[in-house]
Amino acid sequence: MQRIFFDRLVACIQNSSEAIVRQWIDHLISDTTTATVAASDLKRFEIRALELLANLGEWINYDKDKTDVGRRYAQEGIGLFKMGIPLCEGIRGLILLKRTIWLYVMYEMPLDTVIELNELRELNDRMSLFFDRAEYYFIRGFMEEMSRKMQQIWKLNDDDTDKVFFGRSFYKRNQMAA
């Protein structure tokens, strides 16, 4: 079955990426839950968001290898930790980006048929799956970098940080490559 409207939805997002990212940056600046995001951080976030939207069709493809999402967003989490931005604010930023994209599509792409509504639902499903995976790996990368920093500052070993980070967790056995 052809996904003409679905492809138009993705193209709308990609072609409107600058407007979407501007709206998102405005949300980051005005949202009290992202208060530690500094003006100097905004350009980096803008570039990353534009990269994401430029390749959105690839990122939300069901055939996209999960390890690609894992590598990319674990690195983003590591970067956020190094910038000194709290994890909760980074996650809030991802939530705001997803919401900004969704609202943009809802206002810019009127629906005329049930088929279009179904394709809009599919876009929402794919975006939700992608952002859920991105958030998971983002958190994981952030926590692994925090563990490395704790080991460095307090001269802890892996067993010590594993006790702090939920000793029964997969982190000890399955650390992602940085």
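Scroll up for the structure.
The rules behind the values
Residues numbered from 1 in each chain as written. Predicted model: local features only at pLDDT ≥ 70, side-chain atom pairs only at ≥ 80, totals over all residues. Heavy atoms only, no water. Helix = DSSP H or I, 4+ residues; strand = E, 2+ residues; numbered from the N terminus. Buried < 20%, exposed > 50% of the residue type's maximum accessible area, 1.4 Å probe, protein only. Contact = heavy atoms within 4.5 Å. Areas by Shrake-Rupley, 256 points an atom, 1.4 Å probe, with all protein chains shown as cover. Lys, Arg positive; Asp, Glu negative; His and termini not counted. Charge placed at Lys NZ, Arg CZ, Asp CG, Glu CD. Core = buried A, V, L, I, M, F, W, Y, C linked by side-chain atoms within 4.5 Å. Salt bridge = Lys/Arg side-chain N within 4 Å of Asp/Glu carboxyl O. Expected span 1.5 Å × (residues − 1). 1 Å grid on protein atoms, 1.4 Å probe; cavity = no way out; pocket = protein on both sides within 12 Å on 5 of 7 lines; lining within 4 Å. Points joined across faces, edges and corners; volume = space filled by probe spheres on them. Nonpolar A, V, L, I, M, F, W, Y, C, P; charged D, E, K, R; others polar.

### Details of the overall build of the chain
The helix and strand inventory of the chain stands at eight helices and zero strands. Counting from the amino terminus, the chain carries its helices and strands in the arrangement α-α-α-α-α-α-α-α. Over its C-alpha atoms, taken along the principal directions, the chain stretches across nearly 60 × 35 × 20 Å. For the chain, the proportion of its 178 residues judged to be buried stands at 43%. Pairs at least 24 apart in sequence give 79% of the contacts found in the chain among residues at least 6 apart. Working note: accessible area of the chain is about 10200 Å², and carbon and sulfur atoms make up 54% of it. Side chains of the chain give 25 positive and 27 negative charges; the mean places of these two sets differ by 5 Å.

### Quick notes on the nonpolar core
Core analysis: the largest hydrophobic core is formed by 42 residues, its most contacted members being Ile-13, Trp-24, Leu-123 and Phe-130. Looking at this core, the elements with two or more residues in it are α1 (4-15), α2 (17-30), α3 (39-54), α4 (56-59), α5 (66-83), α6 (87-108) and α7 (114-154). Of all the elements, α7 adds the most residues to this core, at nine residues. Leu-123 has contacts with Phe-6, Leu-9, Val-10, Ile-13, Ile-60 and Val-105, leaving out every residue within four places of it along the chain.

### Considerations on the pattern of salt bridges
Inspection of every chain in the model, using the stated rule, returns 13 salt bridges. Salt-bridge contacts for Glu-145 lead to Arg-148; the nearest nitrogen and oxygen are separated by 3.0 Å. Of this pair, Glu-145 and Arg-148 both sit in helix α7, three residues apart, roughly one helical turn. Accessibility expressed as a relative area gives 12% for Glu-145, which makes it buried. Members of the salt-bridge network, linked through shared partners, are Arg-44, Arg-48, Glu-51, Arg-72 and Glu-76.

### Some remarks on α7
Here α7 contains 41 residues, and its C-alpha end-to-end distance of 59 Å stays within 8% of the 60 Å for a straight helix at 1.5 Å per residue. The positive-phi residue at the C-terminal boundary of α7 is Lys-155, with phi of around 55 degrees.

### Regarding the environment of Ala-54
Mapped onto the fold, Ala-54 is located in helix α3. For Ala-54, a relative accessible area of 47% puts it in the partly exposed group. Sequence separation between Ala-54 and Val-10 is 44 residues; the distance between their C-alpha atoms is 9.7 Å.

### Quick look at empty space enclosed by the protein
Here the structure, examined in full by the defined rule, presents three cavities of 30 Å³ or more. Approximately 280 Å³ is the volume attributed to the largest cavity. If you trace the largest cavity, you find 21 residues lining it, with Trp-24, Phe-45, Glu-76, Leu-94 and Phe-138 closest to the centre. Secondary-structure elements contributing two or more residues to the lining of the largest cavity are α2, α3, α5 and α6. Considering only residue class, the lining of the largest cavity consists of 13 nonpolar, three polar and five charged. In this model, the second largest cavity occupies a volume close to 80 Å³. Around the second largest cavity, the lining residues are Trp-59, Ile-60, Asn-61, Tyr-62, Lys-64, Asp-65, Lys-66, Val-69, Arg-126, Leu-129, Phe-130 and Arg-133. Every element with two or more residues in the lining of the second largest cavity is listed here: α5 and α7.

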